[in-house]
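# Commentary on secondary and tertiary structure
One-letter residues, chain by chain:
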Amino acid sequence: MSDLLLLGLIGGLTLLLLLTLLAFAGYSGLLAGVAVSAGSPPIRNVTMAYKFHMGPYGETGRLFTESCSVSPKLRSIAIYYDNPHVVPPDKCRCAVGSILSEGEESPSPELIHLYQKFGFKVFSFPAPSHVVTATFPYTTTLSIWLATRRVHPALDAYIKERKLCAHPRLEIYQQDQIYFMCPLARQGDFYVPEMKEAERKSWGPAEASDAQMDGTGADTMSDTSSVSPEVGPGSRETSAATLSPGVSSRGWDDSDTRSEQSYSESGASGSSFEELDLEGDGPLGEPRLNPEAEPLGTAKWPREPSTPEKGEE
């Protein structure tokens with residue numbers, strides 16, 4: 001009888017543990033729906049402190065931790081330039097850091113110098129006119145792992161289905177939400193100097209000249225995106241160039257790698273904004289990242305992207 005009681009106790013504890021794990025996963029966003037839309041950006045023009053990284057995206061956790069350690073109250077941000085389905089992991093490139101200021105606000109010189117002291121660089125970009133965007137709950141560190149395996153496939157499917165030219169891919173950690181954003185125009189404004197230099201070296205002179213012009217003749221690789229400590233984000237023009245149908249590049253899932261550098265070279269034909277259902281909610285407010293919940297780096301974009309159904313993997 002005592003053996004049966006012991007087995008029952010073990011079974012009850014196991015069941016309780018499983019229920020606890022399921023509850024934790026649900027709280028972390030396991031059952032959260034992923035809604036992708038095109039519309040207004042979730043952030044305005046931004047000045048960020050960043051470190052450039054080349055290598056597997058799963059190794060970026062230390063950069064998130066480092067940037068949060070400098071100023072825990074600031075929001076974390078990451079810009080991913082390469083499609084890990086196409087580019088070898090050791091050649092994937094990204095910029096990771098913290099948002100120093102947004103909108104008309106200018107970062108304080110003291111804050112800039114503090115980040116520069118720890119080896120960070122300063123960069124600014126404008127608010128894009130239109131983006132592909134999605135959100136995911138950010139309640140635990142498990143939320144980040146779940147988001148990368150649910151949101152990125154949904155973004156891939158949305159962009160491919162509508163044949164959009166949407167890149168690079170941004171993640172903004174804002175209090176209890178992770179915001180994902182893919183600009184639909186002026187993509188070159190989001191390229192940090194290290195990426196621009198790498199692109200110029202990888203392209204031939206003639207190809208680089210062609211790549212600097214978007215569908216409307218706008219310079220998508222403009223150097224005006226970078227910022228010095230003396231120049232605030234408000235001094236920059238925020239162009240809203242619109243993509244025209246037929247702007248040619250290759251898609252996320254295309255294995256034809258003319259260049260294994262930037263996924264801006266992969267994509268389907270760019271669709272015009274008029275063809276999209278624009279549902280953006282506009283810029284975010286000013287809340288800051290919870291210092292107790294530091295974002296951790298993790299692998300991006302699962303190997304076989306598919307459109308997840310609401311509430312399911």
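Located above this text is the structure these notes cover.
Cut-off values and rules
- Every chain begins its residue count from 1, and numbering advances along the sequence as written.
- The model is predicted, so local features are restricted to residues of pLDDT at least 70 and side-chain atom pairs to those at 80 or more, both for listing and for counting; the totals for chains, interfaces and linings are taken over all residues.
- Water and hydrogen atoms play no part in the side-chain values, which are based on all heavy atoms of the structure.
- For the exposure calls, accessible area comes from a 1.4 Å probe over protein chains only, and a residue counts as buried if that area is under 20% of its type's maximum, exposed if over 50%, partly exposed in between.
- Note on conventions: DSSP H or I runs of at least 4 residues are helices, E runs of at least 2 residues are strands, and numbering of each starts at the N terminus.
- Strand pairing is assigned whenever DSSP detects at least two bridges linking the two strands.
- Counted as salt bridges are all cases of a side-chain nitrogen of Lys or Arg within 4 Å of a carboxyl oxygen of Asp or Glu.
- Only the stretch in contact is used when a helix axis is fitted, and all axes are lines through C-alpha atoms; the angle between N-to-C directions ranges over 0 to 180 degrees.
- Any two residues having at least one pair of non-hydrogen atoms within 4.5 Å are treated as being in contact.
- The aromatic pairing rule takes the rings of Phe, Tyr and Trp, using the six-membered ring of Trp, and pairs them if the centres are within 6.5 Å, calling planes under 30 degrees apart stacked, those over 60 edge-to-face and the rest tilted.
- Any Lys NZ or Arg CZ found within 6 Å of a ring centre and within 35 degrees of that ring's normal is scored as a charge over the ring.
- Each patch is assembled from residues with relative accessible area greater than 30% and no salt bridge, linking like charges that lie within 9 Å and nonpolar side chains (Val, Leu, Ile, Met, Phe, Trp, Tyr) that lie within 5 Å.
- The method behind every accessible area is Shrake-Rupley, applied with a 1.4 Å probe, and residues are considered shielded solely by the protein chains displayed.

### So, the pairing of strand E2 (residues 46-54)
Taking burial as the measure, the 9 residues of E2 include 7 buried ones, the bulk of the element. Bridging between E2 and strand E4 (residues 93-102) involves 9 bridges; their strand directions are antiparallel. Considered in E4, the bridge of His53 is made with Cys94. Sheet topology note: the E2/strand E5 (residues 121-125) ladder contains 5 bridges and is antiparallel. The residue of E5 that forms the bridge with Val46 is Phe125.

### Some thoughts on the pattern of salt bridges
Using the criterion set out here, one finds 9 salt bridges in the structure. A salt bridge links Glu102 to Arg44; its shortest N-O distance comes to 3.6 Å. You can see Glu102 sitting in strand E4 and its partner Arg44 sitting in the loop between strand E1 (37-39) and E2, a full 58 residues away along the chain. Residue Glu102 is classed as buried on the basis of its relative accessible area of 2%. Arg44 gets classed as partly exposed once you look at its relative accessible area, which sits at 28%. What emerges from the salt-bridge pattern is a single network uniting Arg44, Arg75 and Glu102.

### A word on the environment of Gln116
Looking at the element boundaries, Gln116 is found in helix H3 (residues 109-117). In the structure, Gln116 is positioned 66 residues away from Tyr50 in sequence and 9.4 Å away in space, judged by C-alpha atoms.

### Quick notes on the sheet that holds E1
Strands sit in the order E1-E6-E8-E7-E3-E4-E2-E5 across an open sheet of 8 strands; the sheet is antiparallel. Single-partner strands in this sheet number two, and they are E1 and E5. Neighbour-to-neighbour, the strand axes of the sheet open up by a mean angle of 30°, direction not taken into account. Relative to the sheet, H3 contacts E2, E4 and E5, its axis offset from that of E4 by approximately 155°. Of the strands in this sheet, E2, E4 and E5 touch helix H5 (residues 193-202), which is tilted by about 50° from E2.

### Focus: the packing of aromatic side chains
Within the structure shown, the criterion is met by 8 aromatic pairs. Consider the rings of Tyr57 and Tyr80, whose centres lie 4.7 Å apart with planes at 70°: the pair is edge-to-face. Here the residue Tyr57 occupies a position in the loop between E2 and helix H2 (61-70), and Tyr80 occupies one in strand E3 (residues 76-80), the gap between them amounting to 23 residues. Taking 6.4 Å as the distance between ring centres and 40° as the angle between the ring planes, the aromatic pair formed by Phe123 and Phe125 counts as tilted. Neither Phe123 nor Phe125 differs from the other in exposure class; each is buried. Taken together, the ring pairs in this structure connect Tyr50, Phe123, Phe125 and Phe190 into an aromatic cluster. We note Lys51 situated over the ring of Phe120; from NZ or CZ to the ring centre the distance is 4.9 Å.

### Concerning a nonpolar patch on the surface
Nonpolar side chains collect at one region of the surface, where Leu4, Leu6, Leu7, Leu9, Ile10, Leu13 and Leu16 lie side by side and expose about 730 Å² of accessible area between them. Overall, the relative accessible area of 48% leaves Leu6 in the partly exposed class.

### Concerning the pairing of strand E6 (residues 131-137)
For E6, a buried count of 5 out of 7 residues is recorded, marking the element as mostly surrounded by other parts of the structure. Bridge count for E1 against E6 is 3 bridges, and the pairing is antiparallel. Pairing of Gly39 across the sheet is with Val131, part of E6. Bridge analysis of E6 against strand E8 (residues 177-183) gives 7 bridges, and the strand direction is antiparallel. Counted as the bridge partner of Thr133 is Met181 from E8.

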